[in-house]
Amino acid sequence: MQSPNYYEFLGRPKMISGKRALEQIPLELEGYGAGRPLILLQGGAGSRGQADTITKALYDSSLVIGALYDGAIAGSTSGIASELAGLFRARKCDSIIAIGGGALVDVAKCVNMEVAEKKPALGLAGEGKISRELKPMVLVPVALVSGNEAANRAYIDGLACISHFLSPDVVVIDHRMTSTAETRPTLYSGLTALAHAVEAAISVSANPMIDAYAYASLRLLCEHLPAAVKKPSDKKSSVAVANAAALAAIAFSNAPAGMAHYLAEALADGTGIDPGICMGLLVRALLKTRIVEKKGIREELCLALAGPGMFSAAPASGRAKAALGAIDGTFADLGGMMPGSLREIGVTQQRLNEAVREAVKASPSKLSAKECMAVIGRAWNGK
Amino acid sequence: MNYDRYPEIKPGRKTIKRIYIAVMLFVVGRAIQAACRVDETVKKEFKNLKDGFAFVLGVHPYGPWMIVGRDAKGRAKYMGWNPEGKKIPLKMSIKNVESAILVFTFQESTAVAFARNRFVVDGDLIDALAVVRVLDLVEVYLLPKLIAALAVKRYPKWSELSPVRKHVGRIVIYTRALLGF
């Protein structure tokens, strides 16, 4: 491993994972001087059970639930964020517990921005616009579909807010919540985590800390994602995938978003396909392109993907291919749930050019349109 | 949005689990007092503690609690369940009722629970470790080997605690714990 000349890394949030993890929330909030949370969870079929679980987990504590919102949240809009910020203030809450993933967590972060900064969250869109620590926030993942939930960003009305203050303070992973996830969100969550961890590890910001988080995330995904997708109610694998997603999000918070991320978001915007699936296919194509163009893959990443056994069995020159083989193996284990190419999920060839244009425009790191085209073309063909 | 649809919720209590923990703490507290008169290792651990030492072990934030102190002769003394008004240099709280249940149903040993940060220690850590060692030994006396092996860090070998000493000690400790002397 090369010793870096210089790097910065913020290891936030605190992670609590495993048996009876939910019961640790009151004492964690007490540590922040908070004891009156607003609980947000996604309304729907499983919300009653989740509400009961979290309420019972908070029994015998000095904490009082200011309000438990279990209405449907379709997207992160300034309207719902303002309404929930009103509920937060009306109930004199002092902290937030978000249970779920995706838009719900974005909304929770926007509510937090509104109540802490005392201005509409939409006005805080952009990078580094938040000036202070927000209210204590606990994230309880079900399936971290967007990959931003445990990271330092949130979306409101389609605009990104990026700040280290947006990382949750504590992530609590408990099988009573993770095993309620459905098959597709579990798959999307795993593929997004895979892409974020790989892209963080090959980014210019890669450093030993990012490598450590990416390694843990990728090993968990390679070993547990297929089992979690086949049976999302499985306690062990659902907890492992949630851990992988949170770890990847921490690595992602400390590195610039990469090509697969921007291309997937651009494709998802136009087609309505979940960005997780696109990210999975794109990151595999990205690694293949690097091997074909003889750019190579870092040894640390090869080890993370291939695992110690396969890595040490492969000759030094064949380790990148072994890493790629490991991704292919994981995708094959996902069976029919994982498409082989972008073409299979209905992305048209015409859409590729538009997606590349949008990705190049959205990325602050000046992506090369030619490289993007090579990667997206390979993902479209599935070769 | 109609805020009245989302009222304040005051979480309830887990009464049955708290009663179970209270009973366990009572038995263990009295057993420590008895073990200090029966077992040389426990006696030595208490002798090494400072004069006026006492510790409280229980569940954060509402209990139940168990208080054990060291008397003038260096022996352990069970001092009841109410810590109010008592000068206690060492407070060991289990973070919540569920974590306490894991410990007191022997799903997690005391050492593992410590390692998993399920305890909050307020006081001298060296004294806390002495207390953990005492708790381990008391559990060996109180529980059958099958269960005690789950509850303690390492079950003592024959050379460390012979079966005769263990069984005789168990009878005496149970008798003393039940009668309270």
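Since this is a predicted model, take the numbers as computed values, not measurements.

Below, the discussion takes up the overall build of chain B. Counting its regular elements, chain B contains seven helices and five strands. Listed by position from the N terminus, the elements making up chain B come as α-α-β-β-β-β-α-α-β-α-α-α. For chain B, the C-alpha radius of gyration of 18 Å lies close to 16 Å, the compact-globule estimate for 181 residues. Overall, the C-alpha framework of chain B stretches about 70 × 35 × 30 Å when taken along its three principal axes.

Residue and element names in this part refer to chain B. In the predicted model, chain B carries a mean pLDDT of 87, and the fraction of residues at 70 or more is 100%. For chain B, per-element mean pLDDT is lowest for helix α7 (residues 163-179), which scores 80, and highest for strand β1 (residues 54-59), which scores 94. Overall fold confidence for the complex sits at a pTM of 0.88, while the interface term, ipTM, reaches 0.82.

Residue and element names in this part refer to chain A. Counting residues in hydrophobic clusters, the biggest one holds 143 residues, and the most contacted among them are Leu40, Ala98, Val107, Ala251, Leu263 and Leu282. If you tally residues by element for this core, the top one is helix α8 (residues 235-253), at 13 residues. Lining this core are residues from two domains, each supplying at least three of them: domain 1 (14-178) and domain 2 (183-381). Contacts of Ala251, omitting those with residues within four sequence positions, involve His196, Ala197, Ala200, Ile210, Tyr213, Ala214 and Ser217.

Another aspect to go through is the sheet that holds strand β6 (residues 137-141) of chain A. Residues and elements named next belong to chain A. Pairing is parallel in the open sheet, where six strands are placed in the order β1-β9-β6-β4-β2-β3. The outermost strands of the open sheet, each flanked by one partner alone, are β1 (14-17) and β3 (67-69). Pairs of neighbouring strands in the sheet enclose a mean axial angle of 15 degrees, with direction left out of account. By the bridge criterion, five bridges tie strand β4 (residues 95-100) to β6 in an arrangement that is parallel. Bridging across to β6, Ala98 finds its partner in Leu139. Packed onto the sheet, helix α2 (residues 47-57) meets β2 (37-41), β3 and β4 and runs at close to 150 degrees relative to β2. Across the sheet, α8 is in contact with β1, β6 and β9 (170-173); its angle to β9 comes to roughly 160 degrees.

Here the focus is the interface of chain B and chain A. At the interface, 19 residues of chain B touch 23 residues of chain A. For the side of chain B that touches chain A, a count of residues per class yields nine nonpolar, four polar and six charged.

Further remarks concern helix α1 (residues 15-38) of chain B. When the terminal C-alpha atoms of α1 of chain B are compared, their 34 Å separation across 24 residues agrees well with the 34 Å that a helix rising 1.5 Å per residue should span. Along α1 of chain B, the residues that are buried comprise Ile21, Leu25, Val28, Gly29, Arg30, Ala31, Ile32, Gln33, Ala34, Ala35 and Cys36 of chain B.

With that settled, the discussion passes to the sheet that holds strand β5 (residues 119-122) of chain B. Residues and elements named next belong to chain B. Taking strand neighbours across the sheet as the criterion, the five strands line up as β3-β2-β1-β4-β5 in an open arrangement whose pairing is mixed. At either margin of the open sheet sits one strand with a lone partner, and together these are β3 (76-78) and β5. Sheet twist, expressed as the mean angle between neighbouring strand axes with direction ignored, is 20 degrees. Strand direction decides the pairing type here: β1 and strand β4 (residues 90-94), joined by five bridges, are parallel. Within β4, the residue paired with Gly58 across the bridge is Ser93.

Attention now moves to helix α4 (residues 103-117) of chain A. Residue pairs spaced three or four apart in an α-helix point in one direction, given the helix's 3.6 residues per turn. Residues and elements named next belong to chain A. Over its 15 residues, α4 extends 21 Å from the first C-alpha to the last, a length consistent with the 21 Å expected when each residue adds 1.5 Å. Within α4, 13 of the 15 residues are buried, which leaves it mostly tucked inside the rest of the structure. The positive-phi residue at the C-terminal boundary of α4 is Lys118, with phi of around 55 degrees.

Residue and element names in this part refer to chain A. Domain parsing of chain A yields domain 1 (14-178) and domain 2 (183-381). Taking only C-alpha atoms, the centre of domain 1 and the centre of domain 2 are 27 Å apart. Residue assignment for the side of domain 1 that touches domain 2 shows that the elements contributing at least two residues are β1, β9 and α5 (175-178).

All names here are of chain B. Direction vectors running N to C along α1 and helix α3 (residues 97-104) enclose 50 degrees, while the axes themselves pass 10 Å from each other. Taken together, the axis directions place α1 and α3 in an arrangement best described as oblique. For α1 against α3, the interelement crossing comes out left-handed. On α3, the residues touching Lys17, Arg18, Ile21 and Met24 of α1 are Val97, Ala100, Ile101 and Phe104. Split by residue class, the contact of α1 with α3 holds six nonpolar, no polar and two charged.

Residues and elements named next belong to chain A. Of the two faces of strand β7 (residues 153-156), the one holding Arg153 and Tyr155 and the one holding Ala154 and Ile156 are both buried throughout. Note that β7 and strand β8 (residues 159-162) share four bridges and pair antiparallel. Opposite Ile156, over in β8, you have Leu159 as the bridge partner. From the end of β7 to the start of β8, which pair antiparallel, there are two residues, and Asp157 there has a positive phi angle of about 50 degrees.

Calculation criteria
Residue numbers run consecutively from 1 along every chain, following the written order of its sequence. Each chain gets a letter, beginning with A, and each ligand a number, beginning with 1, in the order they are written. Residues qualify for local features only when their pLDDT is at least 70, as the model is predicted, and side-chain atom pairs are given and counted only at 80 or more; totals for whole chains, interfaces and linings, by contrast, use all residues. Comment: elements are numbered from the N terminus, with helices defined as DSSP H or I runs of at least four residues and strands as E runs of at least two. In this treatment the radius of gyration is a C-alpha quantity, and the globule benchmark scales as 2.2 Å times the residue count to the 0.38 power. pLDDT gives the predictor's per-residue confidence on a scale running from 0 to 100. Take the buried Ala, Val, Leu, Ile, Met, Phe, Trp, Tyr and Cys residues, join any whose C-beta atoms are within 7 Å, and the set you get is a nonpolar core. Each residue is classed by its C-beta neighbour count within 10 Å, where at least 20 other C-beta atoms makes it buried, 12 or fewer makes it exposed, and intermediate counts make it partly exposed; the C-beta atoms are placed from backbone geometry. In this document the domain limits rely on a domain assignment from an automatic tool or a database. Here the contact rule is simple: place C-beta atoms from the backbone, and any two residues whose C-beta atoms are within 7 Å are in contact. Strands are labelled as partners when DSSP assigns at least two bridges between them. Each axis is a line fitted through C-alpha atoms, taken for helices only over the stretch in contact, and angles between the N-to-C directions span 0 to 180 degrees. Gly is placed with the polar residues, together with every amino acid not listed as nonpolar (Ala, Val, Leu, Ile, Met, Phe, Trp, Tyr, Cys and Pro) or charged (Asp, Glu, Lys and Arg). A helix is expected to span 1.5 Å multiplied by its residue count minus one. Oblique is the label for every angle not falling under 35 degrees (roughly parallel), over 145 degrees (roughly antiparallel), or within 65 to 115 degrees (roughly perpendicular). With the far helix as reference, a near helix turned anticlockwise by less than a right angle produces a left-handed crossing, and one turned clockwise produces a right-handed crossing.

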